[in-house]
Amino acid sequence: MAFAVASLPAFADECMQEKAVYVDMDNAYELRFEPMGSESALSNRFKLTVRNTTVVADGIVMRTDDQLRADGRIMFACPEGDVTGADLRACTVWQGMVYASDLKGHIRALPAEGESAADRLFLPALGPSIQKSSLWGKGKATVAPWDVLSLKGCGQ
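Residues numbered from 1 in each chain as written. Predicted model: local features only at pLDDT ≥ 70, side-chain atom pairs only at ≥ 80, totals over all residues. Heavy atoms only, no water.

A.B. asks: I'm lost on the pattern of salt bridges in this one. Help?
C.D. replies: Pairing of side chains with opposite charge becomes possible as their charged atoms draw close. Scanning the entire structure with this criterion turns up five salt bridges. Residues glutamate 30 and arginine 51 are paired through a salt bridge, measuring 3.1 Å at the closest nitrogen-oxygen approach. One end of the pair, glutamate 30, is in strand E2 (residues 29-34); the other, arginine 51, is in the loop between strand E3 (42-50) and strand E4 (56-63), with 21 residues separating them in the sequence. By relative accessible area, which is 11% here, glutamate 30 ends up buried. (Salt bridge = Lys/Arg side-chain N within 4 Å of Asp/Glu carboxyl O. Helix = DSSP H or I, 4+ residues; strand = E, 2+ residues; numbered from the N terminus. Buried < 20%, exposed > 50% of the residue type's maximum accessible area, 1.4 Å probe, protein only.)

Next up, the structure:
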């Protein structure tokens, strides 16, 4: 086990944030970053899947004006086309700051595309937010994730 922990920082250095894959402590959720592909107001995009279901939620991250913080949002089953603020609130599962951490617990903003992947992510109140959202229920999420997700691997 010590070998796996010791090799993780080197792995994180080799994986770019836009390809990083994270899991919660119970391995019930997977958060998989995707490349943006073009200039955008968004700094990162990801998918959140609930294991043993077909549930896939969309996630976005936008930098604050000072570029020091990463404001994230997870949405599930949002309507297409013109939507109202009420529509967006109804399909928003979680919203808050996304924090990155190394294995020693040093906190910083989520790395942008092209930067080395964070060892861990912290999404404050993720579990309770999911329990109160449209993502929760029979055939969907029935286990609340922890707020800390650890780097599992590097996607393609």
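A.B. asks: Mind showing me how you'd approach the nonpolar core here?
C.D. replies: Counting residues in hydrophobic clusters, the biggest one holds 31 residues, and the most contacted among them are Tyr22, Leu31, Phe33, Ile74, Leu121, Leu123 and Ile130. Elements with a contribution of two residues or more to this core: strand E1 (20-24), E2, E3, E4, strand E5 (70-75), strand E6 (92-97), helix H3 (126-131) and strand E10 (148-154). Residues contacting leucine 31, with those up to four places away along its chain left out, are Ala20, Val21, Tyr22, Phe46, Lys47, Leu48, Leu121, Leu123 and Leu149. (Core = buried A, V, L, I, M, F, W, Y, C linked by side-chain atoms within 4.5 Å. Contact = heavy atoms within 4.5 Å.)

A.B. asks: For this particular structure, what's the right way to read the pairing of E1?
C.D. replies: Residues in a regular strand project their side chains so that they alternate between the two faces of the sheet. Summarising burial for E1: five of the five residues are buried, a large majority. The alternating pattern of E1 places Ala20, Tyr22 and Asp24 and Val21 and Val23 on opposite faces, both of which are buried. Pairing of E1 with E2, which is carried by three bridges, proceeds in the antiparallel orientation. Among the inter-strand pairings, valine 23 is bridged to a residue of E2, identified as glutamate 30. The loop that links E1 with its antiparallel partner E2 comprises four residues; one of these, asparagine 27, has a positive phi angle of about 60°. (Pairing = 2+ DSSP bridges.)

A.B. asks: What should I look at first to understand the state of the cysteines in this one?
C.D. replies: A covalent bond bridging the sulfur atoms of two cysteines is what the word disulfide describes. Considering all chains together, one arrives at two disulfides under this definition. Paired through a disulfide, cysteine 15 and cysteine 154 show a sulfur-sulfur distance of 2.3 Å. Between cysteine 15 and cysteine 154 the sulfur-sulfur dihedral comes to about 90°; the bridge is accordingly right-handed. One end of the pair, cysteine 15, is in the loop between helix H1 (2-14) and E1; the other, cysteine 154, is in strand E10, with 139 residues separating them in the sequence. Overall, cysteine 15 belongs to the buried group, its relative accessible area being 1%. Between the sulfur atoms of cysteine 78 and its disulfide partner cysteine 91 the distance amounts to 1.9 Å. Handedness here is read from the sign of the S-S torsion; for cysteine 78 and cysteine 91, about 85°, the answer is right-handed. Of this pair, cysteine 78 sits in the loop between E5 and helix H2 (85-91) while cysteine 91 sits in helix H2, placing them 13 residues apart in sequence. A relative accessible area of 4% means that cysteine 91 is categorised as buried. (Disulfide = S-S within 2.5 Å.)

None of this, on its own, says anything about what the molecule does.
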